[in-house]
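# Coordinate inspection notes
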Amino acid sequence: MKYAILNNGIIMPLLGFGVYGLAEGPQCTDTVRYAIEAGYRSIDTASGYDNEASVGQAIRESGVPRDDIFLTTKLGNGDQRSGNVQEAFDISLSRLGLDYVDLYIIHWPCAGYYEKAWLALERIYKSGKARAVGVSNFHPHHIEDIKKAWTITPALNQVEMHPFLTQKPLITFCRENNIAPQAWSPLGGNRPLQERIFANEAIKRLAEKYGKSPAQIVLRWNIELGVITIPKSANPSRIKENFDIFDFELTAEEVADIDALNRDERGGPDPDNFNF
Ligand code: NAD
């Protein structure tokens, strides 16, 4: 495993496990437990995924000490808009059945609300119940807005990123501000976009060269860039496959070849224009 050091000194695995779409109950619990057995030590959930209870149960049942797991959850947009941030956080903790989270982030920048929400996250951080706080889906202008009043710099910004949306300007902006970039939908998320990424000649050529799958090449590209990545799968063999990316390296030129695939193509909504 390789690690990122966040701006408050805490350590986070560069490769984690996303759980969006895993149904609360045995599907989520069994899958997360399997991922932990396979070696993952970072799990990314959200109050909006409706599976926090199962994620917490899987962590408890895994037999791995709580301190060895990095758990992220997110403030939902409804709670951001209603302003009940502390209450929402307490509910997440109680669903998870945990005393603290490693990272708590604002899921989306809801216009008119995220500045206030950020200050509430700072209070949660100061209470010691979240080891780090950050944001998700923030463009530079959203970060500039919270910067006007922040006393704490967000530890991380979780954004859509894959070979067809390389997010170079945003990543540069995050690095300049000491904010760690994290990729969601690192494999392209939805099927048609992912299929086109995996069928791309540059990705296929590297997969052949290293005897790896297209998914492994894409995830290794994240690692080479030092971008924290959280692929999701419900399939045991893919869960293992996505973890098996630490026995090869891409050259700087190969990383640049993947960077060059960018076409600013989003699978998800633009954070300046979403309706949920
Ligand atoms: P992803 O890019 O991780 O792709 C997931 C899909 O790819 C899986 O459903 C599976 O069908 C397929 N897949 C996984 N491994 C594969 C492999 N080795 N070979 C072939 N196919 C494979 O997309 P995602 O789930 O959208 O994103 C990952 C995580 O990011 C989510 O689970 C969630 O935790 C997080 N996320 C956050 C936000 C946000 O707004 N902050 C939005 C979306 C996702």
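Just above sits the structure.
Below is a summary of the structure that appears in this document. Predicted, not measured: the structure shown is a model, and the values here were computed from it.

### Quick look at the pairing of strand S5 (residues 70-75)
- With six of six residues buried, S5 is to be regarded as a mostly interior element.
- Summarising the sheet, strand S4 (residues 42-44) and S5 pair through three bridges and their orientation is parallel. Residue Ile-43 lies in a different strand from S5, and its bridge partner there is Leu-71.
- As a crossover connection, the stretch from S4 through helix H2 (residues 52-62) into S5 is right-handed.
- Pairing of S5 with strand S6 (residues 103-106), which is carried by four bridges, proceeds in the parallel orientation.

### Topic: the site of the ligand
- Residues in close proximity to the ligand total 28 residues, the closest being Asp-44, Gln-158, Ser-185, Leu-187 and Gln-194.
- Within the side chain of Gln-194, an N or O atom sits 2.7 Å from an oxygen atom of the ligand.
- In the model, a nitrogen atom of the ligand is placed 2.8 Å from a nitrogen or oxygen of the Asn-242 side chain.
- Protein contact buries 89% of the 830 Å² of open area that the ligand shows by itself.
- Breaking the shell around the ligand down by element, the ones donating at least two residues are helix H8 (191-198) and helix H11 (236-243).
- Grouping the constituent residues of the shell around the ligand by class yields 11 nonpolar, 11 polar and six charged.

### Section: the pairing of strand S7 (residues 133-136)
- On S7, burial covers both faces: Val-133 and Val-135 on one face and Gly-134 and Ser-136 on the other are all buried.
- Across three bridges, S6 lies against S7 in parallel orientation. When the bridges of S7 are listed, Ile-106 appears paired with Val-135.
- On the question of chirality, the crossover connecting S6 to the parallel S7 by way of helix H5 (residues 114-127) is right-handed.
- In terms of handedness, the path from S7 via helix H6 (residues 140-147) over to strand S8 (residues 156-160) forms a crossover that is right-handed.

### A short note on the packing of helix H9 (residues 201-210) against helix H10 (residues 214-225)
- H10 packs onto H9 with a crossing angle of 100 degrees between their chain directions and a minimal axis gap of 8 Å. With respect to their mutual orientation, H9 and H10 come out roughly perpendicular. Where H9 approaches H10, its residues Ile-203, Leu-206, Ala-207 and Tyr-210 are matched on the opposing element by Pro-214, Ile-217 and Val-218.

Rules behind the numbers
Residues numbered from 1 in each chain as written. Predicted model: local features only at pLDDT ≥ 70, side-chain atom pairs only at ≥ 80, totals over all residues. Heavy atoms only, no water. Buried < 20%, exposed > 50% of the residue type's maximum accessible area, 1.4 Å probe, protein only. Helix = DSSP H or I, 4+ residues; strand = E, 2+ residues; numbered from the N terminus. Pairing = 2+ DSSP bridges. Right-handed = clockwise from strand over helix to strand, strands pointing away. Near = heavy atom within 4 Å. Polar contact = N/O pair within 3.5 Å; in protein donor to acceptor, adjacent residues only side chain to side chain. Areas by Shrake-Rupley, 256 points an atom, 1.4 Å probe, with all protein chains shown as cover. Nonpolar A, V, L, I, M, F, W, Y, C, P; charged D, E, K, R; others polar. Axes fitted to C-alpha atoms, helices over the stretch in contact; angles between N-to-C directions. Parallel < 35°, antiparallel > 145°, perpendicular 65-115°, else oblique. Contact = heavy atoms within 4.5 Å.

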